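# Descriptive structure summary
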Amino acid sequence: MGKTYERIDGRLRAFIESQPIFFTATAPLSGDGTVNLSPKGLTGSFAVLDEQTVAYLDFAGSNAETVAHLRENGRITLMWCAFQGPPNIVRVHGRGEAVFRNDPRFGQLLTHFPDIDPTPHGLRAVIVVTAELIRDTCGYAVPFMAYEADRDLHRKRFAREDDESLARYFEKKEHIAASIDGLPGLPLPLPPRSL
């Protein structure tokens, strides 16, 4: 029914890389803090860096809960479900870090995402996750659903923004610079890109 893996490779890696959507879960250390669960998509915005490390592009949005939780404690779980083919659920429990646009590693990390142009999406950071526990489970109750296509709304919305207007957009949002629970979120003003 479930198996623990030492590394992300072979069939497990192929499964993860073929899914059009995954989910991230984070939480603050406070017992009464807000747990965050986010869907992630957009073809080409996820990459397996090595057998223990994955990364995804953190695009513009109306909050920064994941970033805030990672800055506070680093805990994160990523989950993929098989909505087509044999049933399966894979979870990677690990430690995450938001690598911001002004970090010297930022440009090199972007080379792992050759199939997507991050510019029109208001790229804020690259989230890098080091796996501590890799498990799969049956997924018997996950329904069959068909993937049609990525929505183009995110690209259309944020393609209108340059760095200055994107920074102004973030500054107007209540939960970008600080999380719902008041933890430090995205550093503002938005750092310039270090490419």
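Going by the structure above, here's the rest.
Residues numbered from 1 in each chain as written. Predicted model: local features only at pLDDT ≥ 70, side-chain atom pairs only at ≥ 80, totals over all residues. Heavy atoms only, no water.

For the rest of this paragraph, the subject is the overall build of the protein. Within the protein, the regular secondary structure consists of 5 helices and 8 strands. A separation threshold of at least 6 residues defines the contact pool for the protein, and within that pool the share at least 24 residues apart is 73%. Side chains of the protein give 22 positive and 25 negative charges; the mean places of these two sets differ by 2 Å. (Helix = DSSP H or I, 4+ residues; strand = E, 2+ residues; numbered from the N terminus. Contact = heavy atoms within 4.5 Å. Lys, Arg positive; Asp, Glu negative; His and termini not counted. Charge placed at Lys NZ, Arg CZ, Asp CG, Glu CD.)

Moving on: helix α5 (residues 163–172). One turn of the α-helix equals 3.6 residues, which is why residues spaced by three or four share an orientation. All of the buried residues along α5 are Ser165, Leu166, Ala167, Tyr169 and Phe170. The N-cap residue of α5 is aspartate 162: its side-chain oxygen and the backbone nitrogen of glutamate 164 are 3.1 Å apart. (Buried < 20%, exposed > 50% of the residue type's maximum accessible area, 1.4 Å probe, protein only. Polar contact = N/O pair within 3.5 Å; in protein donor to acceptor, adjacent residues only side chain to side chain.)

This part covers the pattern of salt bridges. Under the defined criterion, the tally for this structure stands at 9 salt bridges. Across the pair arginine 13 and glutamate 17 runs a salt bridge whose closest N-O atoms are separated by 3.0 Å. One end of the pair is arginine 13 and the other is glutamate 17, both in helix α1 (residues 10–18) and 4 residues apart, which spans about a single turn. Linking aspartate 103 and arginine 105 is a salt bridge whose minimum nitrogen-to-oxygen distance equals 2.8 Å. Look at aspartate 103 and you get buried, because its relative accessible area is 17%. What emerges from the salt-bridge pattern is a single network uniting Glu97, Asp103 and Arg105. (Salt bridge = Lys/Arg side-chain N within 4 Å of Asp/Glu carboxyl O.)

Turning next to the nonpolar core. The biggest cluster of nonpolar side chains holds 35 residues, and the ones touching the most others in it are Ile16, Phe46, Leu78, Trp80, Ile127 and Phe170. If you list the elements that add at least two residues to this core, you get α1, β4 (46–50), β5 (53–58), α2 (65–72), β6 (75–81), β7 (89–100), β8 (125–137) and α5. Ranked by residues supplied to this core, first place goes to β8 with 5 residues. Setting aside anything within four residues of it in sequence, one finds phenylalanine 170 in contact with Ala60, Gly61, Gly122, Arg124, Ile176, Leu186, Leu188 and Leu190. (Core = buried A, V, L, I, M, F, W, Y, C linked by side-chain atoms within 4.5 Å.)

Attention shifts here to the side chain of threonine 66. Structurally, threonine 66 can be placed in helix α2. For threonine 66, the residues in contact, after removing those within four places along its chain, are Thr24, Thr26, Asn36, Ser38, Tyr56 and Ile76.

Glancing now at the packing of aromatic side chains. Within this structure, the stated rule accounts for 6 aromatic pairs. Three or more aromatic residues joined by ring pairs form one cluster here, namely Phe22, Phe46, Tyr56 and Trp80. The ring centre of phenylalanine 158 lies 4.7 Å from the NZ or CZ of arginine 157, which sits over that ring. The ring of tyrosine 169 has arginine 157 sitting right over it, with the charged end atom 4.9 Å from the ring centre. (Phe/Tyr/Trp six-rings, centres within 6.5 Å; stacked < 30°, edge-to-face > 60°. Lys NZ or Arg CZ within 6 Å of the ring centre and 35° of its normal.)

Here the focus is the layout of surface pockets. For the largest pocket, the calculated volume is near 1200 Å³. Looking at the largest pocket, it is lined by 50 residues, and the ones nearest its centre are Pro20, Ile21, Phe22, Lys40 and Gly41. At the level of elements, β1 (2–5), α1, β2 (22–26), β3 (36–40), β5, α2 and β8 are the ones that each hand at least two residues to the lining of the largest pocket. Each pocket or cavity is described by its volume, and for the second largest pocket that value is around 190 Å³. Around the second largest pocket, the lining comprises 16 residues; the ones closest to its centre are Glu17, Gln19, Leu42, Gly44 and Phe46. No other element matches β4, which puts 3 residues into the lining of the second largest pocket. By residue class, the composition of the lining of the second largest pocket is 9 nonpolar, 5 polar and 2 charged. (1 Å grid on protein atoms, 1.4 Å probe; cavity = no way out; pocket = protein on both sides within 12 Å on 5 of 7 lines; lining within 4 Å. Points joined across faces, edges and corners; volume = space filled by probe spheres on them. Nonpolar A, V, L, I, M, F, W, Y, C, P; charged D, E, K, R; others polar.)

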